[in-house]
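# Inside the fold
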Amino acid sequence: MSLRPTVDFLLHDWLHVETLQQRERFADHSRETFDAVLDTCERIAREKYAPFNRLVDTQEPHFDGERVILPQATHDAQKAYAGSGMLSAAQDYEIGGMQLPYTVEAAANAFFAMASVSIGSGMLTTGNANLLMVHGTEMQKQVFALNEFSGRFSGTMCLSEPQAGSSLSDVSTRAVPDGADFADDPLGPRYRLKGNKMWISAGEHELTENIIHLVLAKIPDENGKLVPGTRGISLFIVPKKMVNPAGELTGERNDVALAGLNHKCGWRGTTNTLLNFGEGKYPVGGETGAVGYLVGQAGKGLHCMFHMMNEARIGVGMAATMLGMAGYSASLDYARNRPQGRPMGPAGKDPAQPPVRIIEHADVKRMLLAQKSYCEGALALELYCARLVDEQHTAEAALADDARLLLEVLTPIAKSWPSEWCLEANSLAIQVHGGYGYTRDFPVEQYWRDNRLNMIHEGTHGIQAMDLLGRKVLMEGGKGLSLLAGRITDTTKQAMQVPEFTAHAKALGEALAQVGTATRAAWSTGEPTDALANAVPYLQAFGHTVLAWVWLDVALAAHAAPASNARTGRLAAMRFFFHYELPKTGAWLQVVSSRDQTCADLPEEAF
Ligand SMILES: Cc1cc2nc3c(=O)[nH]c(=O)nc-3n(C[C@H](O)[C@H](O)[C@H](O)COP(=O)(O)OP(=O)(O)OC[C@H]3O[C@@H](n4cnc5c(N)ncnc54)[C@H](O)[C@@H]3O)c2cc1C
């Protein structure tokens, strides 16, 4: 199974990405330039990533007491990725970028995620540098962001602490002004940071000359106390090695020390670290405290960080999707070749017949079609969201604002839906392999282990669900939800014109109405504890409704295409979603609408 025809269909036949060329920013682009980027990424992923996916799983990063060692293949892959220009693909020509639409960038990065998600393709580095391009000073952009875009430096995001994961208001890393002249540093107001950051991906390695940590920390008030809540959080650039305003390494190490590597269930090609800031292991200028430069305004750190987190959430959704796709591809291949069992005829099974390949059994087809509908549907959703990012940045004001609001509502789904359902796809891929799927001789167990992370990081499932029901569907008077309902209704109206789609259009219309009713019922008492007790079932129902919409819209494009196996497959995947998946929304919304407190009310002692 090749991913490319699906990507091409979604980009061109469905999203009409070439219309973006009408925007001034993308005027130099064409189908040829988009294809060239996809070709390059497909080739690098095939040559430098896919062959080493198992290697990076078995040769975990290790610390030799001084350095963190990663396989040579990881160095080679990342060098090839940086060499392709993808780290700065979306940036302006003047700074060496390609001014590529984000939709095409996201599609191109999908090839790396499918080939080897944990070798990594610079998502954190690009996200870190993009944040600095928006919130940093000119000097911070020059010294830090541009060197990240070139691949000379890499980036991290340091939010979590051992005691502060979901609840970032409990961050306790402290930042105090560094000397009387702290405000005069050309790299930005200079502080000294002390604290521990847990779970930091790519926090230590030798892949690049320097690592640029973006760190959330609190500046104590005049009484030396940390301001409670998120209001007190500021954002700092903390380089692993000190740099001067010309971007050169000064030769001095900053006071950031690796306290340990975390040994993960999957995603083992990327280091994951506990970092100690300012413990005095590497004093700077003879003093303890990691040197950090303030980004943006003090107290507005979380606002700045959200810039990186929203991009990262689409990236996580895409990673989950492509892991699902990798499992689908492997299990499809396996099912086409594995002989086992005989078909059931009117007189039962005939043992005299040779065994058939398992793809001929209806239940195996069910498992394959489920994977196809989850993963190709999720890919369509991620690319749709990526297209909204382009709309937000380049469309005329009113449409750009609509795109912003739609993204607000869709981002929790873009992150969470593939994390749950493409993980389920990986489980089905194991099932298709039978016992072999449960061994490390086949790749599918690794895909599942790698994918299991996605419901946890970048805001857990529970946190995303509360963000959706507690904030996103309510914000700006519910305008985002209304806009989404409008888009869904546009699709159902078109689908009503196609006789074979009318039942699906009605089912989708009903699901949308139920989501609206459940949203109002959840909030009818005005009590967050009532409404949010079943936020995850709400997220699931909302996500399934969105995916049904995406599939129906994709099916309209497929329906308009000439007959082919691909067209038949897409229409079947859409039907699968409507027949086997969409009806689940009723059960999920039931507990939401009735504000069911079965879980919330159970005393701890009764467990
Ligand atoms: C491999 C990996 C890579 C990571 N990379 C990074 C990184 O690069 N940078 C970074 O800063 N962090 C990173 N993280 C951290 C990640 O974002 C956190 O693990 C995550 O936010 C959850 O925090 P926690 O682990 O402390 O769990 P907790 O917050 O303790 O959550 C435990 C459980 O309780 C639930 N829960 C918590 N609070 C609530 C609530 N108020 N209401 C309902 N349910 C709740 C959660 O949903 C979850 O199911 C990474 C984590 C992992 C495992």
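Residues numbered from 1 in each chain as written. Predicted model: local features only at pLDDT ≥ 70, side-chain atom pairs only at ≥ 80, totals over all residues. Heavy atoms only, no water.

## Structural notes on the overall build of the protein chain
In terms of regular secondary structure, the protein chain is built from 19 helices and 12 strands. What you see for the protein chain is a C-alpha radius of gyration of 25 Å, in line with the 25 Å of a compact globule of 607 residues. Projected onto its principal axes, the C-alpha positions of the protein chain cover 90 × 60 × 55 Å. Here the protein chain holds 607 residues, and the buried ones make up 56% of them. (Helix = DSSP H or I, 4+ residues; strand = E, 2+ residues; numbered from the N terminus. Rg over C-alpha atoms; globule rule 2.2 N^0.38 Å. Buried < 20%, exposed > 50% of the residue type's maximum accessible area, 1.4 Å probe, protein only.)

## Regarding the side chain of Glu105
Following the sequence through the fold, Glu105 ends up in helix α5 (residues 102-116). Here Glu105 sits buried without a salt bridge, and the closest side chain of opposite charge, Arg25, lies 9.0 Å off (N-O distance). Look past the residues within four positions of Glu105 in its chain and what remains in contact with it is Met86, Ala89, Ala90, Leu100 and Thr126. (Lys, Arg positive; Asp, Glu negative; His and termini not counted. Salt bridge = Lys/Arg side-chain N within 4 Å of Asp/Glu carboxyl O. Contact = heavy atoms within 4.5 Å.)

## Quick word on the nonpolar core
Of all hydrophobic cores here, the largest spans 135 residues; its most connected members are Phe542 and Val546. With 17 residues, helix α16 (residues 535-559) is the single largest residue contributor to this core. Here Val546 is in contact with Leu381, Leu410, Ile413 and Leu484, once residues within four sequence places are set aside. By size, the runner-up hydrophobic cluster in this structure holds 33 residues, among which are Leu124, Phe153, Ile237 and Cys304. (Core = buried A, V, L, I, M, F, W, Y, C linked by side-chain atoms within 4.5 Å.)

## Some words on the environment of Ala398
On the secondary structure map, Ala398 appears in helix α10 (residues 397-432). By relative accessible area, which is 47% here, Ala398 ends up partly exposed. Ala398 sits 16 residues away from Glu382 along the chain, and the two C-alpha atoms are 23 Å apart.

## Overview of the environment of Phe182
In this fold, Phe182 is placed in the loop between β4 (174-177) and β5 (190-201). Judged by relative accessible area, which is 22%, Phe182 ranks as partly exposed. The spacing of Phe182 and Arg192 is 10 residues in sequence and 9.7 Å in space, taken between C-alpha atoms. In contact with Phe182, other than residues within four places in its own chain, are Pro177, Gly188, Pro189, Arg190 and Tyr191.

## Thoughts on the state of the cysteines
Note on terminology: a disulfide is the covalent bond linking the sulfur atoms of two cysteines. One pass over the full model with this rule turns up zero disulfides. Among the cysteines around Cys385, which has no disulfide bond, Cys422 carries the closest sulfur, lying 13 Å off. On the basis of relative accessible area, Cys385 is assigned to the buried category, the value being 0%. (Disulfide = S-S within 2.5 Å.)

## Some remarks on the pairing of β5
As paired elements, β4 and β5 share four bridges and run antiparallel to each other. Residue pairing for β5: Arg174 is matched across the bridge by Lys194. Pairing geometry for β5 and strand β12 (residues 290-295), over four bridges, is antiparallel. Bridge assignment links Tyr191 to a residue of β12, and that residue is Gly292. Examined bridge by bridge, β5 and strand β11 (residues 272-277) share five bridges and lie antiparallel to one another. (Pairing = 2+ DSSP bridges.)

## Things to note about the environment of Pro339
Structurally, Pro339 is set in the loop between α8 (301-337) and α9 (362-394). For Pro339 and Val546, which are 207 residues apart along the polypeptide, the C-alpha to C-alpha distance reads 38 Å. Excluding its chain neighbours within four sequence positions, the residues that come into contact with Pro339 are Pro355, Val356 and Arg357.

## With respect to α10
Compared with an ideal rise of 1.5 Å per residue, which puts 36 residues at 52 Å, α10 spans 49 Å between its outermost C-alpha atoms and is within 8% of the ideal. The largest bend in α10 comes to about 45 degrees, at Leu410, with the proline Pro412 one to four residues further on. In the stretch just after α10, Gly434 is the one whose phi turns positive, near 60 degrees. (Expected span 1.5 Å × (residues − 1). Bend = angle between axes of the 7 residues up to and from the residue.)

## Focus on the pattern of salt bridges
Taken as a whole, this structure holds 35 salt bridges when the rule is applied. Between Arg253 and Glu204 there is a salt bridge, and its shortest N-O distance comes to 3.4 Å. In this pair, Arg253 sits in strand β9 (residues 249-253) while Glu204 sits in the loop between β5 and β6 (210-218), placing the two residues 49 residues apart along the sequence. Across the pair Glu581 and Lys584 runs a salt bridge whose closest N-O atoms are separated by 2.9 Å. Exposure remark for Glu581: the relative accessible area of 3% places this residue in the buried category. If you follow the salt bridges from partner to partner, you end up with Arg4, Asp8, Arg31, Asp35, Asp39 and Glu42 in one network.

## As for the packing of aromatic side chains
Per the stated rule, a full pass over the model turns up 16 aromatic pairs. Here Tyr384 and Trp549 contribute two aromatic rings whose centre-to-centre distance is 5.2 Å and whose plane-to-plane angle is 80 degrees, an arrangement assigned as edge-to-face. Placement of the pair is Tyr384 in helix α9 and Trp549 in helix α16, with a sequence separation of 165 residues. There is no split in this pair, since Tyr384 and Trp549 are both buried. What links up through ring pairs into an aromatic cluster is the set Tyr374, Trp417, Trp421, Phe577 and Trp588. (Phe/Tyr/Trp six-rings, centres within 6.5 Å; stacked < 30°, edge-to-face > 60°.)

## A few points about the site of the ligand
Residues in close proximity to the ligand total 17 residues, the closest being Met157, Ser160, Ser166, Trp199 and Thr460. One of the backbone N or O atoms of Trp199 is found 2.8 Å from a nitrogen atom in the ligand. Those elements giving two or more residues to the shell around the ligand turn out to be β3 (153-158) and β5. In terms of residue count, β5 provides more of the shell around the ligand than any other element does, three residues in total. Tallied by class, residues from the shell around the ligand come to eight nonpolar, seven polar and two charged. (Near = heavy atom within 4 Å. Polar contact = N/O pair within 3.5 Å; in protein donor to acceptor, adjacent residues only side chain to side chain. Nonpolar A, V, L, I, M, F, W, Y, C, P; charged D, E, K, R; others polar.)

## Things to note about unusual backbone geometry
Here Trp267, not a glycine, exhibits a phi torsion of approximately 50 degrees, which is positive. Even without being a glycine, Arg595 presents a positive backbone phi close to 50 degrees. Assignment of secondary structure puts Arg595 in the loop between α18 (584-593) and α19 (598-601).

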